[in-house]
Amino acid sequence: TDFEEVRINYPYTFSEVDGGYSIKKYRGTNKILHIPSTYNGSPIVSLDTQAFRDCDTLVEVVIPEGITVIGETCFYMLDNLKTVHIPASVTTISSEGFNRCYALTDVIFAENSMLTTIGDLAFSECESLVSIVLPKSALNLGSGLFSGCSALTSVVLPEGITALPNSIVSSCDSLVEFNIPTT
């Protein structure tokens, strides 16, 4: 039937999880991708481990409101990814979520972000990333978070952070501003 043909050509694979669906794998070739917010009438609540790995055509990704978790190595080693839009609903960027996205220049967090946890090496080796301001809610930061971001000149951490993770900016040779809040 027509419905089956559409499903066969749909570039996503899903798994059912608590509260809706998770994207397990994307097989499309878009340069600019607006990830869907629903599947079969239910919300998409997470992006699985390695869901977008090897999607080298991606240049910009817009993650929809409703996604709460970006899985481990979800966007790992995307050579052409330059911009990612992260909605307020995301609470966790897991370890190595954007690791080795060499062209990444813009990480855009939504106002009123609820992001609390950014895992180990999440933005490590993003060699084109120049500056980043973490949301005020992101107080649980993993080790090596920005290690190897050779173009990184400025990092602004949130007020209320009580501990700096190990090697957060190791091998960031261009770093000139590292804002550590006084609280």
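Here's a quick rundown of the structure. (Residues numbered from 1 in each chain as written. Predicted model: local features only at pLDDT ≥ 70, side-chain atom pairs only at ≥ 80, totals over all residues. Heavy atoms only, no water.)

**Some points on the packing of aromatic side chains**
- Scanning the entire structure with this criterion turns up 10 aromatic pairs.
- With 5.1 Å between their ring centres and 45° between their planes, Y12 and Y26 make a pair best called tilted. Residue Y12 is found in strand β1 (residues 12-17), and its partner Y26 is found in strand β2 (residues 20-26); the two are separated by 14 residues along the sequence. The residues Y12 and Y26 share a single accessibility class, namely buried.
- Members of the aromatic cluster, connected to one another through ring pairs, are Y12, F14, Y21, Y26, Y39, F52, F75, F98, F123 and F146. (Phe/Tyr/Trp six-rings, centres within 6.5 Å; stacked < 30°, edge-to-face > 60°. Helix = DSSP H or I, 4+ residues; strand = E, 2+ residues; numbered from the N terminus. Buried < 20%, exposed > 50% of the residue type's maximum accessible area, 1.4 Å probe, protein only.)

**A few points about unusual backbone geometry**
- Even without being glycine, L121 reaches a positive phi, approximately 55°.
- Relative to the assigned elements, L121 resides in the loop between β11 (117-118) and β12 (131-133).
- A residue is classified by how much of its surface remains accessible, and L121, at 30% relative accessible area, is partly exposed.
- Even without a glycine there, the phi angle at E125 is positive, about 60°.
- One can find E125 in the loop between β11 and β12.
- For E125, a relative accessible area of 25% puts it in the partly exposed group.

**Re the sheet that holds strand β14 (residues 154-156)**
- Read from one edge to the other, the open sheet built from three strands follows the order β12-β14-β15, with strand pairing classed as parallel. The two strands at the open ends of the sheet, each matched to only one other strand, are β12 and β15 (177-179). Taking the axes of each pair of neighbouring strands and ignoring which way they run, one obtains an average angle of 5° across the sheet.
- Pairing analysis gives three bridges linking β12 to β14, with the strands arranged parallel. For V133, the partnering residue across the bridge sits in β14 and is V156. (Pairing = 2+ DSSP bridges. Axes fitted to C-alpha atoms, helices over the stretch in contact; angles between N-to-C directions.)

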